[in-house]
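Given next are the chains, with one letter for each unit.
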Amino acid sequence: IRRKIQYEKRATVEDYKKAAKQALFNHILITVPLLYLSNLITEEEKLARINTLPGPLEMARDVVFSIFIQEFLFYYIHRGLHHKNIYKYVHKRHHEFTAPVGLASLYAHPVEHFIANLWPFTVGPHIMHSHIFTIWTLMTMRIVPTISGHSGYEIRM
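Numbering of residues begins from 1 in every chain and follows the order in which that chain's sequence is written. Confidence filtering applies because this is a predicted model: local features only for residues at pLDDT of at least 70, side-chain atom pairs given and counted only at 80 or more, and all residues used for totals across whole chains, interfaces and linings. Only hydrogens and water are set aside when side-chain values are computed; all heavy atoms of the structure are taken into account.

Looking only at helices and strands, one finds six helices and two strands in the protein chain. Of the regular secondary structure in the protein chain, the N- to C-terminal order runs β-α-α-α-α-α-α-β. Throughout this description, buried means an accessible area under 20% of the type-specific maximum (1.4 Å probe, protein chains only), exposed means over 50%, and partly exposed covers the range between. Sorting the 157 residues of the protein chain into buried and exposed places 32% on the buried side. Two residues form a contact once any of their heavy atoms are found within 4.5 Å. For the protein chain, the proportion of contacts with a sequence separation of at least 24, taken over those separated by at least 6, is 76%. The method behind every accessible area is Shrake-Rupley, applied with a 1.4 Å probe, and residues are considered shielded solely by the protein chains displayed. When the accessible surface of the protein chain is summed, it comes to about 10,600 Å², and 66% of that surface belongs to carbon and sulfur atoms. Secondary structure counts use DSSP, requiring at least four H or I residues in a row for a helix and at least two E residues in a row for a strand, with both numbered from the N terminus.

As structure tokens, this is what we get:
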């Protein structure tokens, strides 16, 4: 089911600490405030729909649309982060982590975390006014492959 695809590089305890520290920083200072702000903006709508689950067609529509938007935005933002005037200040941090570890997927400059990791993910659900259940499903569908893609293992489903 899975096999290691990168044997040469091994993460040290210091690598894990460095990645965890950056990930916690990004989540505490960027992700949590963004979620709070997002909740304030859409609170009335969410409260009106919290007692019912979305139907399968609504959920499929929102997931497909959101994945399309996220892929489109992430691709072009990620390309932009490789621009010579931006890379060394923002995106280089993510590429410093060369050992294949799932936690490295979260090892990013705070600016990159916001514009490349969070913002593309939130656009689709906001446009579609997605139900919270759909958002959590979408988040799981997007985060698991991202972490496994940075893990150094090929995981076949």
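On we go from here.
Here the idea is simple: oppositely charged side chains can pair when their charged atoms come close. Think of a salt bridge as a Lys or Arg side-chain nitrogen and an Asp or Glu carboxyl oxygen that are within 4 Å of each other. Inspection of every chain in the model, using the stated rule, returns four salt bridges. Among the salt bridges present, the one from Glu-14 reaches Lys-17, with a minimum N-O distance of 3.6 Å. Within this pair, Glu-14 and its partner Lys-17 are both found in helix α1 (residues 13–49), separated by three residues, close to a single helical turn. By relative accessible area, Glu-14 is classed as exposed at 53%. Accessibility expressed as a relative area gives 49% for Lys-17, which makes it partly exposed. Among the salt bridges present, the one from Lys-18 reaches Glu-96, with a minimum N-O distance of 3.8 Å. Here Lys-18 is found in helix α1, whereas its partner Glu-96 is found in helix α4 (residues 92–96), with 78 residues between them in sequence.

On to helix α5 (residues 110–128), then. How far a helix is expected to stretch is found by multiplying one less than its residue total by 1.5 Å. Relative to the 27 Å expected for 19 residues at 1.5 Å per residue, α5 spans 27 Å between its end C-alpha atoms, a close match to the ideal helical length. Bend, in this description, refers to the angle at a residue between axes fitted to the seven residues ending there and the seven starting there. Of all the bends in α5, the largest measures some 45° and sits at Trp-119, one to four residues before the proline Pro-120. Looking at α5, one finds that the buried residues are Pro-110, Glu-112, His-113, Ala-116, Leu-118, Pro-120, Phe-121, Val-123, Gly-124, Pro-125 and Met-128. Where α5 ends, the next residue or the one after it, His-129, has phi of about 55°, a positive value.

Any Phe, Tyr or Trp ring, taking Trp's six-membered ring, that has another such ring centre within 6.5 Å forms a pair; planes under 30 degrees apart are called stacked, those over 60 apart edge-to-face, and the others tilted. Inspection of the entire model under this criterion finds two aromatic pairs. Measuring from centroid to centroid gives 4.9 Å for Tyr-75 and Tyr-76, while their planes differ by 90°, and the two rings are edge-to-face. A relative accessible area of 48% means that Tyr-76 is categorised as partly exposed. Aromatic rings pair up to connect Phe-72, Tyr-75 and Tyr-76 into one cluster.

All right, on to the nonpolar core then. Membership of the largest hydrophobic core is limited to seven residues, which are Ile-69, Leu-73, Ile-77, Leu-81, Val-90, Ala-116 and Val-123. Excluding anything up to four places from it in sequence, Ile-77 contacts Ile-115, Ala-116, Trp-119 and Pro-120. For the purposes of this section, nonpolar cores are sets of buried Ala, Val, Leu, Ile, Met, Phe, Trp, Tyr and Cys residues that join through side-chain atoms within 4.5 Å. Core analysis: the next-biggest nonpolar cluster, separate from the first, contains six residues, Phe-97, Ala-99, Ala-104 and Tyr-107 among them.

Further remarks concern helix α2 (residues 56–81). Since one α-helical turn is 3.6 residues long, residues separated by three or four positions face the same way. Between the first and last C-alpha of α2 there are 36 Å, a value that for 26 residues agrees with the 38 Å anticipated at 1.5 Å per step. Among the residues of α2, Met-59, Asp-62, Val-63, Ser-66, Ile-69, Gln-70, Leu-73, Ile-77 and Leu-81 are the ones counted as buried. Looking at the buried residues of α2, the elements they touch are α3 (84–87), α5 and α6 (132–149).

Each residue carries a pLDDT value, the predictor's own confidence for that position, ranging from 0 to 100. Within the protein chain, residue pLDDT values average 85, and 86% of them lie at 70 or more. The secondary-structure element of the protein chain with the lowest mean pLDDT is strand β1 (residues 2–4), recorded at 63, while α2 shows the highest, at 96.

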